[in-house]
Amino acid sequence: MAPISIADLVAALPSEDSWGPSSSADNMLNGVPYAPFSKGDKLGRMADWTAESKTGDRQGRQQYNRNFRDQQVYGAGSTSLFTVQAAEDESSFSVVDNTRTSTKRTFGRGGGTVFRGRGGQRGGTAGPRGGARGGFQRAGGGRGQGDRSYDSRGNRGGRGGRRFGWRDYDKPQRTREPSVNVRPEWQMLEEVDFNRLSKLNLEAPEGEDLDSYGFLHYYDRSYDRPPVKNAERRLQALERAAYNVTTSQDPVIHELAEKDQATVFVTSDILSMLMCATRSVYSWDIVISHQGNKIFFDKRPGASMDLVSVNENAQDAPLEISEASGKQEQINTPGALAMEATFINHNFALQTVTESDEAKISFAQPNPFYNEAEETEPLASKGYKYRRFDISLERDEEPLQLIVRTEVDAVMKSPTGGPDQQLIVKALNEFDSKAIGSGGALDWRSKLVSQRGAVIATEMKNNSCKLARWTTQAILAQADGMKLGFVSRANPRSAAAHIILGVVGYKPREFAAQMNLNLGNGWGIVRTIVDRIRGLDADEPADALKKYVLIKDPNRSVLRLYSVPATTFEEDDEAEIEEKNEDDDEEKDE
């Protein structure tokens, strides 16, 4: 086949009268070709002589900001007809969009990315755990009222404050261990999240006293006065016999159960944990036994709820053992802080009373757990009040009664001359205001007197679950007042010595209102779990023993109910009894 010449191609082009592209002569202006218009060109500004040249002070880098946003070189949207590119010339290469874009997320004012703190809510609203739970910032410029931003602790962002999300976006998710390991033979029956639990409600019943045991010493009111400088009061370690017996091992509860005084039996520390479940973060578990028409709520020996947590609800909670590296961090782990807080609470309640056999209030019955023939330590000031609550509904055919063993720690003369007031005595502890896990707490030594409200508000946020439990226990016991002590370390790097900085008194129901504590929601949770247990065993024989375990997930706001064999945890009880007997034998040999 013969090659096709250029003349043949030109002859094959369509004529001027036909449809199609115009001839090359139409693109000539005085014999010089010109570049066609581009549809993307903006003709509003033909030339700008004030623009910075490429040979200016920026050394070839043209400045780009908002003033140059709509400047565009005329004809830049079209392929230039004059440019002749040399082979392998990379210096003339350019991407389509020459504007510099940043891949970093923006923070502070004008930031368009919204971040939330862990478990936070938008807007920094107060959640069920109290305090500001996270927040969000508004995008856009300006310095007016609408441009304020708040970080995940409720602090002001922007100038002079911690900007929202700073170093929080890449924070690793902490993985906590469960309070009890789920065994393969356990069967999960139900899983309920806290959002559903927070919607429950039952009108709080008025309890009645059935019987009282123990005695109470009078509270030393000198602790209410601010401490004198250079005369600090040291926390003392006192040897006193105190008991925290679980429900099924309480002889008084066994006697009441045999008399069919109620259907549900529980202690105040277990019941308060259940009623304040939606505020909890750490894992805990409750053992539920159902036999016949009786339901017992128990705790395992050495359970986590026996310990007093520290900064459980703080945004930056104390580091776990696996995350702690230095010696100073080892004493600030959740387990070490819980042991320290439990020791402080036990001794603080004993130290703040005036021990006198002549001036004390004795209840109707002696302490049911103290045996004078075997015990060598003197008995601690403690009163046990067994109270009954009616949690029935209108649709119930038979009344549903609940008996709870409540506790009070001291008694105080009424300032108005009325009857003596029964008190709950607890203590908050400060470990190190500058350490990780302090939750932004103020320095108590310098701020407790001048900014007491701010200190208490921070504690309400960081220890919402603990304070809610103490308040619930005071209301269940029908106590007249609460005494909250503020105890700090003598040296932040050592947990051996502590100093009492002050004591604050509250009325339980007024303190519950300040914390936004809804007792009706707590009673609704209790009644829902009781109904669930009774519904599961409706078809079982009356004398059959059924056992369940209610566990709070360590990393999620979820409660799970498991059905377990009836012999679960009995081996642990036997091992504990054998270990206790061995320890007693060793003490006798010494």
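Enquirer: What is the right way to read empty space enclosed by the protein from this model?
Expert: One water molecule sets the probe size; rolling that probe over the atoms shows where empty space is left. For the coordinates displayed, the defined rule picks out one cavity of 30 Å³ or more. The space that makes up the largest cavity amounts to roughly 70 Å³. Residue lining of the largest cavity: N311, N429, E430, F431, D432, S433, S438, A441, W444 and E459, and that is the complete set. Residue composition of the lining of the largest cavity, grouped by class: three nonpolar, four polar and three charged.

Enquirer: What is the right way to look at the nonpolar core in this model?
Expert: A general feature of soluble globular proteins is that nonpolar side chains tend to end up buried together. Ranked by size, the top nonpolar core spans 74 residues in total, and within it L271, L274, W284, I288, F297, L402 and W523 carry the most contacts. In contact with I288, other than residues within four places in its own chain, are I295, F296, F297, I529, I533, K546, K547, Y548 and L550. In terms of nonpolar packing, the next biggest core, distinct from the first, is built from 17 residues, F215, V245, F265 and F296 among them.

Enquirer: Help me understand the packing of helix α4 (residues 268-275) against helix α11 (residues 519-536), please; the structure alone is not making it clear to me.
Expert: The geometry of a pair of packed helices is captured by two quantities: the angle between their axes and the separation between those axes. Between α4 and α11, the least distance of the axes is 8 Å, while the angle of their chain directions is 100°. The pairing of α4 with α11 is recorded here as roughly perpendicular in orientation. From α4, L271, L274 and M275 reach across to α11, where they touch L519, G522, W523, I525, V526 and I529. Of the residues belonging to the contact of α4 with α11, the class tally is eight nonpolar, one polar and no charged.

Enquirer: Honestly, the packing of aromatic side chains in this entry has me stumped. Any pointers?
Expert: The geometry of two aromatic rings is summed up by the distance between their centres and the angle between their planes. Inspection of every chain in the model, using the stated rule, returns nine aromatic pairs. Seen from their ring centres, Y243 and F369 are 6.1 Å apart, and the 45° between their planes marks the pair as tilted. Of the two residues, Y243 is situated in the loop between β5 (233-234) and α3 (251-258) and F369 in the loop between β10 (360-362) and β11 (382-390); the sequence distance between them amounts to 126 residues. In terms of burial, Y243 and F369 fall into one category: buried. By way of ring pairs, the aromatic residues W186, Y562 and F569 are connected into one cluster. Just above the ring of Y223 sits the side chain of R233; from NZ or CZ to the centre is 4.1 Å. R300 extends its terminal NZ or CZ atom over the ring of F569, reaching a point 5.8 Å from the ring centre.

Enquirer: Can you walk me through the pairing of strand β14 (residues 421-430) in this structure?
Expert: The side chains of a regular strand alternate, residue by residue, between the two faces of the sheet. In terms of burial, β14 is a largely internal element, nine of the ten residues being buried. Here strand β13 (residues 410-412) runs beside β14; their pairing, made up of three bridges, is antiparallel. Opposite A410, over in β14, you have L423 as the bridge partner.

Enquirer: Explain the confidence of the model for the protein chain to me, please; I cannot follow it from the model alone.
Expert: Atomic detail in the predicted coordinates should be set aside for any region of low pLDDT. With 65% of its residues at a pLDDT of 70 or more, the protein chain has an overall mean of 76. Across residues 101-167, where pLDDT falls below 50, the model places 123 contacts with residues more than four positions away in sequence or in other chains.

Enquirer: Looking at this structure, how should I read α4?
Expert: Side chains that are three or four residues apart share a direction in an α-helix, a result of its 3.6 residues per turn. Within α4, eight of the eight residues are buried, leaving the element largely enclosed by the surrounding structure. Among the residues making up α4, those that are buried are S268, D269, I270, L271, S272, M273, L274 and M275.

Enquirer: Looking at this structure, I do not really get the pattern of salt bridges. What am I missing?
Expert: Opposite charge on two side chains makes pairing possible when the charged atoms of those side chains draw close. Within this structure, the stated rule accounts for 23 salt bridges. Salt-bridge contacts for R240 lead to E355; the nearest nitrogen and oxygen are separated by 2.9 Å. Highlighted residues: R240 in the loop between β5 and α3 and E355 in the loop between β9 (353-354) and β10, separated in sequence by 115 residues. Judged by its relative accessible area of 40%, E355 falls in the partly exposed class. For D531, the salt bridge goes to R527, with nearest N and O atoms at 2.8 Å. Of this pair, D531 and R527 both sit in helix α11, four residues apart, which is roughly one turn of the helix. Exposure remark for D531: the relative accessible area of 26% places this residue in the partly exposed category. The buried category is assigned to R527, whose relative accessible area is 4%.

Enquirer: Would you take a moment to explain the packing of α4 against helix α9 (residues 464-476) for this structure?
Expert: Direction vectors running N to C along α4 and α9 enclose 125°, while the axes themselves pass 9 Å from each other. Classified by the angle between their axes, α4 and α9 sit oblique to one another. Of the two elements, α4 crosses α9, and the hand of that crossing is right-handed. For the pair formed by α4 and α9, the contact residues are S268, D269, L271, S272, M273 and M275 on the first element and C465, R469, T472, Q473 and L476 on the second. Tallied by class, the residues present in the contact of α4 with α9 amount to five nonpolar, four polar and two charged.

Enquirer: Is there a simple way to explain α11 in this structure?
Expert: Look at α11: 26 Å from first C-alpha to last across 18 residues, which is about the 26 Å you get at 1.5 Å a residue. Residues L519, G520, N521, G522, W523, G524, I525, V526, R527, I529, V530 and I533 constitute the buried set of α11. In this structure N518 caps α11, since a side-chain oxygen of it lies 3.1 Å from the backbone nitrogen of G520.

Enquirer: What is the right way to read unusual backbone geometry from this model?
Expert: Most of the time, phi is negative for any residue but glycine, and the peptide bond is trans. Within the chain, Q478 stands out as a residue other than glycine whose phi angle is a positive 55°. Tracing the backbone through its elements, the reader meets Q478 in the loop between α9 and β15 (481-491). Unlike most non-glycine residues, N516 shows phi in positive territory, near 60°. Within the element layout of this structure, N516 appears in the loop between α10 (508-514) and α11. The exposure class of N516 is exposed, given its relative accessible area of 62%.

Enquirer: Even after reading the chapter, I still don't get the environment of V558, so can you show me in this structure?
Expert: Residue position: V558 is located in strand β18 (residues 558-564). On a C-alpha basis, the gap between V558 and R196 in space is 9.8 Å, while along the polypeptide they are 362 residues apart. Leaving out residues up to four positions away in the same chain, V558 has contacts with E191, V192, D193, F194, I551, K552 and D553.

Enquirer: What is the right way to look at the environment of I403 in this model?
Expert: With respect to the element layout, I403 can be found in strand β12 (residues 401-408). Separated by 139 residues in sequence, I403 and V264 place their C-alpha atoms 6.3 Å apart. With sequence-adjacent residues up to four places away left out, I403 is seen in contact with L210, L256, Q261, A262, V264, F265, V266, R387 and R388.

Cut-offs applied
- Residues numbered from 1 in each chain as written.
- Predicted model: local features only at pLDDT ≥ 70, side-chain atom pairs only at ≥ 80, totals over all residues.
- Heavy atoms only, no water.
- 1 Å grid on protein atoms, 1.4 Å probe; cavity = no way out; pocket = protein on both sides within 12 Å on 5 of 7 lines; lining within 4 Å.
- Points joined across faces, edges and corners; volume = space filled by probe spheres on them.
- Nonpolar A, V, L, I, M, F, W, Y, C, P; charged D, E, K, R; others polar.
- Core = buried A, V, L, I, M, F, W, Y, C linked by side-chain atoms within 4.5 Å.
- Buried < 20%, exposed > 50% of the residue type's maximum accessible area, 1.4 Å probe, protein only.
- Contact = heavy atoms within 4.5 Å.
- Axes fitted to C-alpha atoms, helices over the stretch in contact; angles between N-to-C directions.
- Helix = DSSP H or I, 4+ residues; strand = E, 2+ residues; numbered from the N terminus.
- Parallel < 35°, antiparallel > 145°, perpendicular 65-115°, else oblique.
- Phe/Tyr/Trp six-rings, centres within 6.5 Å; stacked < 30°, edge-to-face > 60°.
- Lys NZ or Arg CZ within 6 Å of the ring centre and 35° of its normal.
- Pairing = 2+ DSSP bridges.
- pLDDT = per-residue confidence, 0-100.
- Salt bridge = Lys/Arg side-chain N within 4 Å of Asp/Glu carboxyl O.
- Left-handed = near helix turned anticlockwise from the far one by under 90°.
- Expected span 1.5 Å × (residues − 1).
- Polar contact = N/O pair within 3.5 Å; in protein donor to acceptor, adjacent residues only side chain to side chain.

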